[in-house]
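# Notes for the structure review
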Amino acid sequence: MQQREATSVLPVHCWNTAVSCLACLADSLSLDLPFEHVAGLSGEAFRLPLFANTTPGSWQHSVSWPHAALNWMESLGIDAEICWTDSAAASSDNWHSRQRTLISETLGSGLPVMYWDNLAWSVILAEDADSYLVSGIPALHIPDGLPHAEALRRRSFGAEGHGPDGAFRIPREELRPLFEGDQLFIHPRGLAASDPEYRLAMALARAANELGGVVNWPRLVDSSGHRLGPLFGTAAMERLAMELKGGEPGLDGLISSMQTLLEMRRAALRWLSDLAAETEGELQPRLKQAAEFMRRIVAGLRPVAADFALPADPRTQLRKELLERNANALYEVRRTEETLTRLLRGISGDFGVFS
């Protein structure tokens, strides 16, 4: 495999930063996978996590834990070292010191390091004696009025991209979390030996599980002792519709979730369509049918995402009639996703992998 400079990859401006950073890892390893295929293979294109009352961050929080990273690496065929700790742990300082050594090793091999950067995912591209060169995070992930966010704003980028200066140089200590208790680093080592058909079958099975809400989630509490218990898939969408009808949603979380949902379902449509075009034999018509169901889902989500978009305006976006209209729209989307779930389970089973 031809080695590439880690600085040759930068994540795109998007809502799902896990997918954009995974695409950087894939690009560095010459996997030649577009953003949409990374989203499809990793399962993120089919995910919908929601905390009650659409608490902000439910999507990003659901992918900032080691079990998700393990699934990503297996699905993409990447051999990686995944390192996680709680920054409150007594051994956190020693653990972080070890990470600096691993970061140097990974960068020295010509590969970037993917890491959880407080509010979203980012990529470490290079280092010197005092600092790291990082990709930063999209500015849309930094809420207005968030305290102590100046350091993150200095390394954030907008829809126009990273600009003429490219990535951001930050002091080494700024890798520590400001807002979240967990630290997670993914150090790619190369490509894992695996059967492509098996990985595809697993990706389709995981897509069905994500749509159906069959997702592993650790039992966690936040800093106030409140239990974090998100719902996933169609169960999450059903609860959201009820919250919309009850006039209870949190607008910031609602906007983030709906924009990410549309972004990911559009990626799923591209992935399923490409998969159908590349597949021969009796599975092709069923994959085309799956792509058609996803096309209907995307069409149903577009007006919902248009209603719940930035900038946030509670006076107009939380009107009762608008909330009820979108609750009904999500009901139709959920019914289509339930049908697609059954179809994808059958397709993955025909590959020989039963979810």
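Scroll up for the structure.
Residues numbered from 1 in each chain as written. Predicted model: local features only at pLDDT ≥ 70, side-chain atom pairs only at ≥ 80, totals over all residues. Heavy atoms only, no water.

Looking now at helix 8 (residues 233-245). The terminal C-alpha atoms of helix 8, which comprises 13 residues, lie 19 Å apart, in line with the 18 Å expected from a rise of 1.5 Å per residue. Taken residue by residue, helix 8 has Gly233, Thr234, Ala236, Met237, Leu240, Ala241, Glu243 and Leu244 as its buried positions. In this fold, the buried residues of helix 8 make contact with strand 1 (49-50), helix 7 (196-212), strand 12 (231-232), helix 9 (251-278) and helix 12 (320-350). A positive phi of about 70 degrees marks Gly247, the residue just after helix 8. (Helix = DSSP H or I, 4+ residues; strand = E, 2+ residues; numbered from the N terminus. Expected span 1.5 Å × (residues − 1). Buried < 20%, exposed > 50% of the residue type's maximum accessible area, 1.4 Å probe, protein only. Contact = heavy atoms within 4.5 Å.)

Turning next to the packing of aromatic side chains. This structure, assessed with the given rule, holds 5 aromatic pairs. With a centroid separation of 5.9 Å and 70 degrees between ring planes, the pair formed by Phe46 and Trp271 is classed as edge-to-face. Here the residue Phe46 occupies a position in the loop between helix 2 (35-42) and strand 1, and Trp271 occupies one in helix 9, the gap between them amounting to 225 residues. Each member of the pair, Phe46 as well as Trp271, is classed as buried. When the ring of Trp72 is compared with that of Trp121, the centres are 5.6 Å apart and the planes differ by 75 degrees; the resulting orientation is edge-to-face. (Phe/Tyr/Trp six-rings, centres within 6.5 Å; stacked < 30°, edge-to-face > 60°.)

Another point: helix 4 (residues 66-76). Counting along an α-helix, one turn takes 3.6 residues, and residues three or four places apart therefore face a common direction. Residues of helix 4 that are buried: Ala68, Ala69, Trp72, Met73, Ser75 and Leu76. All buried residues of helix 4 fall inside an arc of 165 degrees around its axis, so they share one side. Positive backbone phi, at 75 degrees, marks Gly77, one or two positions downstream of helix 4. (Arc of directions from axis to C-beta.)

Turning our eyes to something else, we now look at the pattern of salt bridges. What the rule picks out here adds up to 21 salt bridges. Here Arg172 ties to Glu127 by a salt bridge, and the two come within 3.2 Å at their closest N and O atoms. Here Glu127 lies in strand 4 (residues 120-127) and Arg172 lies in the loop between strand 8 (168-171) and strand 9 (182-191), a separation of 45 residues in the sequence. Using a relative accessible area of 15% as the deciding quantity, one classes Arg172 as buried. Judged by its relative accessible area of 27%, Glu127 is partly exposed. Linked by salt bridges that have partners in common, Glu44, Arg47, Arg206 and Glu210 make up one network. (Salt bridge = Lys/Arg side-chain N within 4 Å of Asp/Glu carboxyl O.)

Looking now at the nonpolar core. Formed by 85 residues in total, the largest nonpolar core has its most connected members in Phe46, Trp72, Trp121, Phe308 and Leu344. Top element by residues in this core is helix 9. It accounts for 14 residues. For Phe46, the contacting residues outside a window of four places in its chain are Gly40, Ala207, Glu210, Leu211, Arg265, Ala268, Trp271, Leu272, Met294 and Leu344. Residues Cys83, Leu107, Ile170 and Phe185 belong to the second largest nonpolar core, which totals 15 residues. (Core = buried A, V, L, I, M, F, W, Y, C linked by side-chain atoms within 4.5 Å.)

What follows covers the packing of helix 10 (residues 283-307) against helix 12. Following both chains from N to C, one finds helix 10 and helix 12 inclined at 160 degrees, their axes separated by 9 Å at the closest point. Classified by the angle their axes make, helix 10 and helix 12 are roughly antiparallel. For helix 10 against helix 12, the interelement crossing comes out left-handed. For the contact of helix 10 with helix 12, the class distribution of residues is 17 nonpolar, 6 polar and 6 charged. (Axes fitted to C-alpha atoms, helices over the stretch in contact; angles between N-to-C directions. Parallel < 35°, antiparallel > 145°, perpendicular 65-115°, else oblique. Left-handed = near helix turned anticlockwise from the far one by under 90°. Nonpolar A, V, L, I, M, F, W, Y, C, P; charged D, E, K, R; others polar.)

This part is about the side chain of Glu337. In this structure, Glu337 sits in helix 12. Among residues more than four places away in sequence, those in contact with Glu337 are Leu211, Thr234, Met237, Arg265 and Ile297.

Time to look at the pairing of strand 5 (residues 131-134). Neither face of strand 5 is open: one carries Ser131 and Leu133, the other Tyr132 and Val134, and all of them are buried. Bridging between strand 4 and strand 5 involves 3 bridges; their strand directions are antiparallel. When the bridges of strand 5 are listed, Glu127 appears paired with Tyr132. Counted between consecutive antiparallel strands, the loop separating strand 4 from strand 5 contains 3 residues. (Pairing = 2+ DSSP bridges.)

We now examine the packing of helix 2 against helix 4. Packing of helix 2 against helix 4 leaves a shortest axis separation of 8 Å and a crossing angle of 115 degrees. Judged by the sense of rotation from one axis to the other, the crossing of helix 2 with helix 4 is right-handed. Counted together, Val38, Leu41 and Ser42 of helix 2 and Trp72, Ser75 and Leu76 of helix 4 form the full contact between these two elements. Grouping the amino acids of the contact of helix 2 with helix 4 by side-chain chemistry returns 4 nonpolar, 2 polar and no charged.

Put simply, Leu310 and Pro311 share a cis peptide bond, and its omega is 0 degrees. Among the secondary structure elements, Pro311 is positioned in the loop between helix 10 and helix 11 (314-317). The backbone of Ser30 sits at a positive phi, close to 60 degrees, despite the residue not being glycine. With respect to the helices and strands, Ser30 occurs in the loop between helix 1 (17-28) and helix 2. Residues other than glycine seldom take positive phi values, yet Thr54 does so here, at roughly 45 degrees. You can see Thr54 is positioned in the loop between strand 1 and helix 3 (58-62).

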